[in-house]
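# An overview of the molecular structure
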Amino acid sequence: MSDTSSADERIKQISSLRSALIRPELGGIVGIIAVFTFFLLFAFDSGMFSAQGVMNWSVVSAQFMIIAVGACLLMIAGEFDLSVGSMIGFAGMMIAVFGVSLGWPMWAAILITFAICIAFGALNGYIVVRTGLPSFIVTLATLFILRGFTIFIPQTLERKTIIGGIREAAEGDWLAPIFGGKILTGLFQWLGDIGVISVFARGNLKGQPVVDGIPMLIVWALGLVVVGHIVLTRTRFGNWIFAAGGDAQAARYVGVPVNAVKIKMFMFTAFCATVFAVCQVMEFGSAGADRGILKEFEAIIAVVIGGALLTGGYGSVVGAALGALIFGVVQQGLFFANVESSLFRVFLGVILLLAVILNTYIRRMITGER
Amino acid sequence: MEPIIQMKNIEKHFGSVIALNGVTIDFYPGECHCLLGDNGAGKSTFIKTMSGVHKPTNGEILFEGKPMHFEDPRDSINAGIATVYQDLAMIPLMSVSRNFFMGNEPVKRIAGIPFFDHERANETTMAEMRAMGINLRGPDQAVGTLSGGERQTVAIARAVHFGAKVLILDEPTSALGVRQTANVLSTVDKVRKQGIAVVFITHNVRHAMAVGDRFTVLNRGKTYGTAARGEITPEELQDLMAGGQELATLEGSLGGTV
């Protein structure tokens, strides 16, 4: 049967513009173009696009990206996790408690931290699927519980809420550089030597390039985006994620293990938060009880800018990554452009609202609702 | 002909409520068996018992002559009993092809890693949809753009494709327009001719008469018995469903239009 004879005269051919519009990444792509155009025009000379500047906003964007990937897959599976920020603080504190206060080897501290945090993620998920309560409420409870422990544990052990000495404790460890190290340092030294990027002119870093490698944080962010995107779009498990969030009951009727999918997504979100935390404490060399505050909302905003629906069942990891990039570029760009940093929050609120309205409109186009 | 599934003296109690009080029905392959009854007659409870959602309080289920004990819907799906629910069949935001293979995704291994074989899924979906008379713009068209009747048809095609021997349709036509209803009924007819036992739940006698081979009326958790095609008139069925008398008086004022 040829295409023409099978065509239904009642189905209007949709324009390529319209079919491009119903891609979830659309908002993110448009946003990226707008944001870069803006800063290239108004902040080009500010140092934002020098090697150091690029590294600056890349690192910030990568941080957002790591938690956005987890939040994205969880949101597509139909749930939220408001405990991400507390989880970041908690995970960082666990590293410090095990690695510094208790003096465990750093690799053991990192592994036990991952185990504890992923277990909390599983508990979040288990409570949500067992009780049928909205994940909003369940993870709001976890937000407070974890934050409480994050303050209580170091207070009890060390009588302070910031524990330092992590970098020293991680010295020579085999696992810590996977989170706190840098790659391609040789390449950047060479780029410095041939003058592509500038080098320090004096001081004890004399002769070294101003950017001396790609932090592992960025490698983790890109790795998580690629793996997340492939799992979501190219595997059966990805189809189950869409199905669990699209209509859990319909998915159950055809045998999709919806509860297991949701619990795994909560665990993955916790994993992402822990990756963020480990990279952060390795960079700062300390863990603070107030780390990660409001990160859960920043992750959700990045995901929504990336085109995911708050109601689940629709979204894209690439979109969420673009949302995180917009987020990072604007936050740091305003700093470079010397704009009052409080305006960043205004920008966030406005762009969130625009993204949600756009997404709702796109949803109507996909489902043909009127 | 051997019945493919026999429901023997099924009772289902929910606490002190007796939803089913000893229902016995045999279903045969290649036949469309209509289950009729007014709201609250126990139709839904009955099919949920068949599809493994509920466990019967008393009674026996024989599938191909062997006693079956379904612990959950997965068991009955594996045995070959598929259920298509009225509005919970499909996920509107997902593409037709993703919906069609939901829970049964074809897999292609690349370097040992199992990937969703979109190519095969898309081809199969398009072919199956054409066979059912639905023209898609493409396999990635969202189910939300299909009409209610088309969604039911996709769900039925999906159940048949994955080897259903018994197909339970829960009020597939109750929310549909005339033309869509006709499409779904003709789909039921196609499926029956493939030798599949169709269990068709409805409270519309005309829809039942259009495709039914046997008719069972449930009322207050009991069956009024089963009649084969030709043994019963639409008027008699209608009377049985409504419990007879009350409808007779109503019908006087409505002029036999119900």
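Computed from a predicted structure; not experimentally measured. (Residues numbered from 1 in each chain as written. Chains lettered and ligands numbered in written order. Predicted model: local features only at pLDDT ≥ 70, side-chain atom pairs only at ≥ 80, totals over all residues.)

## Comments concerning the overall build of chain B
Applied cut-off: Numbering of helices and strands starts at the N terminus; helices are DSSP runs of H or I of at least 4 residues and strands are runs of E of at least 2. Two things to know: the radius of gyration comes from C-alpha atoms, and the globule rule equals 2.2 Å times the number of residues to the power 0.38. Counting other C-beta atoms within 10 Å of a residue's own tells you its class, since 20 or more makes it buried, 12 or fewer makes it exposed, and anything in between is partly exposed; those C-beta atoms are placed from the backbone. By definition, residues are in contact whenever their C-beta atoms, placed on the basis of the backbone, come within 7 Å of each other.
For chain B, the helix and strand inventory stands at nine helices and 12 strands. Taken over the C-alpha trace, chain B has a radius of gyration of 19 Å; the compact-globule value for 258 residues is 18 Å, and the two agree within 12%. Principal-axis analysis of the C-alpha atoms places the extent of chain B at approximately 70 × 40 × 35 Å. With 258 residues in all, chain B has 47% of them scored as buried. Sequence-distant contacts, at least 24 apart, represent 69% of the contacts inside chain B between residues at least 6 apart.

## Considering the pairing of strand E2 (residues 17-27) of chain B
Residues and elements named next belong to chain B. The following threshold applies: The pairing criterion is simple: DSSP has to find at least two bridges between the two strands.
As defined by bridge partners, strand E1 (residues 5-14) adjoins E2 across eight bridges and the pair is classed as antiparallel. Of the residues in E2, the one forming a bridge with Ile-10 is Val-23. The turn linking E1 back onto E2 is made up of two residues, and Gly-15 within it adopts a positive phi angle of 60 degrees.

## A few points about helix H4 (residues 118-131) of chain B
All names here are of chain B. Filter applied, for reference: Expected span, for any helix, means 1.5 Å times one less than how many residues it has. Directions pointing from the helix axis toward each C-beta atom define the arc.
Taking 1.5 Å as the rise per residue, H4 with 14 residues should run 20 Å; its terminal C-alpha atoms sit 20 Å apart, in good agreement. Burial in H4 covers these residues: His-118, Ala-121, Asn-122, Thr-125, Met-126 and Met-129. The arc enclosing the buried residues of H4, seen along the axis, measures out at 125 degrees, which places them on a common side. Exposed residues on H4 whose side chains face more than 90 degrees from its buried face are Glu-119, Ala-127 and Ala-131. Taken together, the buried residues of H4 touch helix H3 (96-100), strand E8 (113-116) and helix H5 (148-161). Positioned one or two residues after H4, Gly-133 has a phi angle of 80 degrees, which is positive.

## Brief notes about the sheet that holds strand E3 (residues 32-36) of chain B
Strand pairing within a sheet occurs via backbone hydrogen bonds; the two strands may be parallel or antiparallel. Residues and elements named next belong to chain B. Operational definition: Convention adopted: a line fitted to C-alpha atoms gives each axis, helices being fitted over their contacting stretch, and angles between N-to-C directions are expressed from 0 to 180 degrees.
The six strands lie next to each other as E6-E9-E10-E3-E11-E12, forming an open sheet whose pairing is mixed. The sheet is open, and its two borders are formed by strand E6 (81-84) and strand E12 (222-228), each paired with just one other strand. Ignoring strand direction, the axes of neighbouring strands in this sheet form an average angle of 15 degrees. Those strands touched by H5 are E6 and strand E9 (166-170), and its axis lies near 170 degrees from that of E6. Relative to strand E11 (residues 214-219), helix H8 (residues 234-241) is tilted by about 25 degrees, and along the sheet it contacts E3, E11 and E12.

## Let's talk about the sheet that holds strand E5 (residues 66-67) of chain B
Residue and element names in this part refer to chain B. Read from one edge of the open sheet, four strands run E2-E1-E4-E5, paired in antiparallel fashion. Each edge of the open sheet carries a strand with a single partner, namely E2 and E5. Bridging between strand E4 (residues 58-63) and E5 involves two bridges; their strand directions are antiparallel. Residue Phe-63 lies in a different strand from E5, and its bridge partner there is Lys-66.

## Section: the environment of Gly-225 of chain B
Residue and element names in this part refer to chain B. With respect to the secondary-structure elements, Gly-225 resides in strand E12. Of the residues examined, Gly-225 has 12 C-beta atoms within 10 Å and is grouped as exposed. For the pair Gly-225 and Phe-215, spaced 10 residues apart in the sequence, the C-alpha separation amounts to 8.4 Å.

## Considerations on the confidence of the model for chain B
Should the pLDDT be low somewhere, the predicted coordinates at that spot are not to be read in detail. Stated precisely, the cut-off is as follows: Think of pLDDT as the predictor's per-residue confidence, scored from 0 to 100.
Residues of chain B with pLDDT of at least 70 account for 93%, and the chain-wide mean is 85. The complex prediction reports pTM at 0.87, with the ipTM value standing at 0.82.

## Topic: the domain arrangement of chain B
What counts is decided by this rule: Domain borders in the structure are assigned automatically or taken from a domain database.
Assigned domains within chain B: domain 1 (5-90 + 166-254) and domain 2 (92-145). The C-alpha-based centres of domain 1 of chain B and domain 2 of chain B are spaced at 30 Å.

## Some points on the interface of chain B and chain A
Stated precisely, the cut-off is as follows: By the convention adopted, Pro, Cys, Tyr, Trp, Phe, Met, Ile, Leu, Val and Ala count as nonpolar, Lys, Arg, Asp and Glu as charged, and the other residues, Gly among them, as polar.
Contacts between the two partners involve 26 residues from chain B and, on the opposite side, 26 residues from chain A. Every element with two or more residues in the side of chain B that touches chain A is listed here: helix H2 (73-79) and E8 of chain B. Partitioning the side of chain B that touches chain A into residue classes produces 16 nonpolar, five polar and five charged.

## Here's the deal with helix H15 (residues 295-305) of chain A
Residue and element names in this part refer to chain A. Within H15, 10 of the 11 residues are buried, which leaves it mostly tucked inside the rest of the structure. If you check which residues of H15 are buried, you get Lys-295, Glu-296, Glu-298, Ala-299, Ile-300, Ile-301, Ala-302, Val-303, Val-304 and Ile-305. Contact partners of the buried residues in H15: helix H3 (26-42), helix H4 (51-76), helix H5 (84-101), helix H16 (317-336) and helix H17 (343-367). Looking at the residues trailing H15, positive phi occurs at Gly-307, about 100 degrees.

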